[in-house]
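The primary structure of each chain is shown beneath.
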Amino acid sequence: MDHGDVILCDSSGNTWSAQYRATLGMNGQPYVKLLNGWDAFVRDNNLQVGDVCAFELTDCIDISFQVFIYRSKKADFHGSPAQMEAGITLTRSECLRPVKARETAFHREMKVREKALQRALAFTSENPFFVVVLRPSYVQSHALCISNDFTRKHFKTTLTNVGIALRLSNGKSWPAEYHQRSIGNPNARICNGWRAFVNDNKLKVGDVCVFELVSDAQISFKVIIFQAIADEDTHPLQGVSEEALGLTSQSAKAPLIFRRVVLPLHLKEDCVDIPFRFVEQYFEPNVQKLILQVADRTWPVEITSNPRIRIAKLTSGWIKFARENSLREGDICVYELDTVNNNLLKVSISKYAS
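Residues numbered from 1 in each chain as written. Predicted model: local features only at pLDDT ≥ 70, side-chain atom pairs only at ≥ 80, totals over all residues. Heavy atoms only, no water.

> Looking at this structure, how should I read the pairing of strand E5 (residues 64-70)?
Counting buried positions along E5 yields seven of seven residues, so the element is predominantly enclosed. In E5, alternate side chains face the same way, and those of Ser64, Gln66, Phe68 and Tyr70 on one face and Phe65, Val67 and Ile69 on the other are all buried. Strand direction decides the pairing type here: strand E1 (residues 3-9) and E5, joined by three bridges, are parallel. When the bridges of E5 are listed, Cys9 appears paired with Gln66. (Buried < 20%, exposed > 50% of the residue type's maximum accessible area, 1.4 Å probe, protein only. Helix = DSSP H or I, 4+ residues; strand = E, 2+ residues; numbered from the N terminus. Pairing = 2+ DSSP bridges.)

Structure representation (structure tokens):
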């Protein structure tokens, strides 16, 4: 049984030592568990049930992971309990791939799944809702498991089997059935119509669905789908036009642009992560300060980067920029590098209406 040491690094550069163990699952597929040291990482980062960790392999020699933490806020989150307890499940070969595997199909797939989850966790509503990351069993089977805690809290009906509706924002609707399983089972199911919803909307593994309860008398969910789309220039939130972002078909493909969805942690901490590849390509190695510009106003911010683990972020000055532009969770900032002043980022802000 393979085992060894691993390093976990957060967005602030703090590190934790842990151990991993490779073993075989019940399906015969190899996977890796994080063991000694994972509990300290959980405790020090105040991880709660429902928080989501995305792991990026940054060093294949010391086996080091950059860990991105997405905090669950008002939503109930439904993921894999096994993955939440173990921290990460990867095949042995994936763990030992070289750093330049970032450009492999595997890495690209993980990145787009991470972006879909990032967008979904930015969703807010006054209505109760829960978030589901689609696993293979959810896409391939005829049922979706959901927590009984959500149903007990928000459903008025006490029936164990009841008809429900799954609706999209365009008005299309699919009939399905809510089935409460045996007493003591923590999960209920959406079935008898779920498979048709999956097929008709071409849902894939890694897509994220937000189920917003819009009616609890005759149970009806509005489903917001965040697809794991490989095209990085695809707009990250449904219902927002490219024109609202100031992006034309030409500018959307421009290499001088990147975008970020505003997350809760961006508004609590004086920093926001930016693509290291962008920093590496366009900024001088010793650059420490940048200017953010919206219309005629400008804000100075500091930039920090760590080439070893390939992370970069805007730090001091960012929170002032966020406050004075009234940024909220779900808003989208598009950063465009000025072609004359290479230390100036022009920012277009698209407000997300929840």
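Moving on from the coordinates now.
> How should the pattern of salt bridges be read in this particular structure?
A side chain of one charge can pair with a side chain of the opposite charge if their charged atoms are brought near each other. Counted by the stated rule, this structure contains five salt bridges. Of the charged contacts, one joins Arg297 and Glu324 as a salt bridge, the two residues approaching to 2.7 Å between their closest N and O atoms. Of this pair, Arg297 sits in strand E17 (residues 297-306) while Glu324 sits in helix H11 (residues 318-324), placing them 27 residues apart in sequence. In this structure Glu324 comes out as partly exposed when scored by relative accessible area, which is 35%. (Salt bridge = Lys/Arg side-chain N within 4 Å of Asp/Glu carboxyl O.)

> Sorry, what's going on with the packing of aromatic side chains here?
Each pair of aromatic rings is reported with the distance of its centres and the angle of its planes. Evaluated as defined, the whole model comprises 19 aromatic pairs. Aromatic pair Trp299 and Phe321: ring centres 5.2 Å apart, planes at 85 degrees, arrangement edge-to-face. Taken together, the residues span a long stretch of sequence, with Trp299 in strand E17 and Phe321 in helix H11 at a distance of 22 residues. Here the two residues Trp299 and Phe321 agree in accessibility, since each one is buried. Joined through ring pairs, the aromatic side chains of Phe130, Phe150, Trp174, Trp194, Phe197, Phe211 and Phe221 make up one cluster. (Phe/Tyr/Trp six-rings, centres within 6.5 Å; stacked < 30°, edge-to-face > 60°.)

> Which parts of the structure should I look at to understand the pairing of strand E7 (residues 129-133)?
As a general feature of sheets, a regular strand has side chains that alternate between the two faces. Most of E7 sits inside the fold, with four of its five residues counted as buried. Of the pairings in the sheet, the one linking E7 to strand E12 (residues 208-215) comprises five bridges and is antiparallel in character. Residue pairing across strands places Val132 opposite Cys209, the latter belonging to E12.

> What is the right way to look at the sheet that holds strand E20 (residues 344-350) in this model?
Remark on secondary structure: sheet strands pair via backbone hydrogen bonds, oriented parallel or antiparallel. Pairing is mixed across the open sheet formed by seven strands, whose spatial order is E14-E19-E20-E16-E17-E18-E15. Because the sheet does not close on itself, it has two edges, and the strands there are strand E14 (257-261) and strand E15 (272-274). For this sheet, the mean angle separating the axes of adjacent strands, direction not counted, is 35 degrees. Where E15 lies against strand E18 (residues 311-314), three bridges are found, and the strand directions are antiparallel. Of the residues in E18, the one forming a bridge with Ile274 is Ala312. (Axes fitted to C-alpha atoms, helices over the stretch in contact; angles between N-to-C directions.)

> What should I look at first to understand the nonpolar core in this one?
When a protein is soluble and globular, its nonpolar side chains tend to lie buried together. Core analysis: the largest hydrophobic core is formed by 29 residues, its most contacted members being Leu166, Trp194, Phe211 and Phe221. Every residue in contact with Trp194, bar those within four places of it in the chain, is listed here: Leu134, Tyr138, Ser141, His142, Ala143, Leu144, Leu166, Ala176, Leu203 and Phe211. Grouped together as the second largest cluster of nonpolar side chains are 27 residues, Phe283, Val294, Ile303 and Cys333 included. (Core = buried A, V, L, I, M, F, W, Y, C linked by side-chain atoms within 4.5 Å. Contact = heavy atoms within 4.5 Å.)

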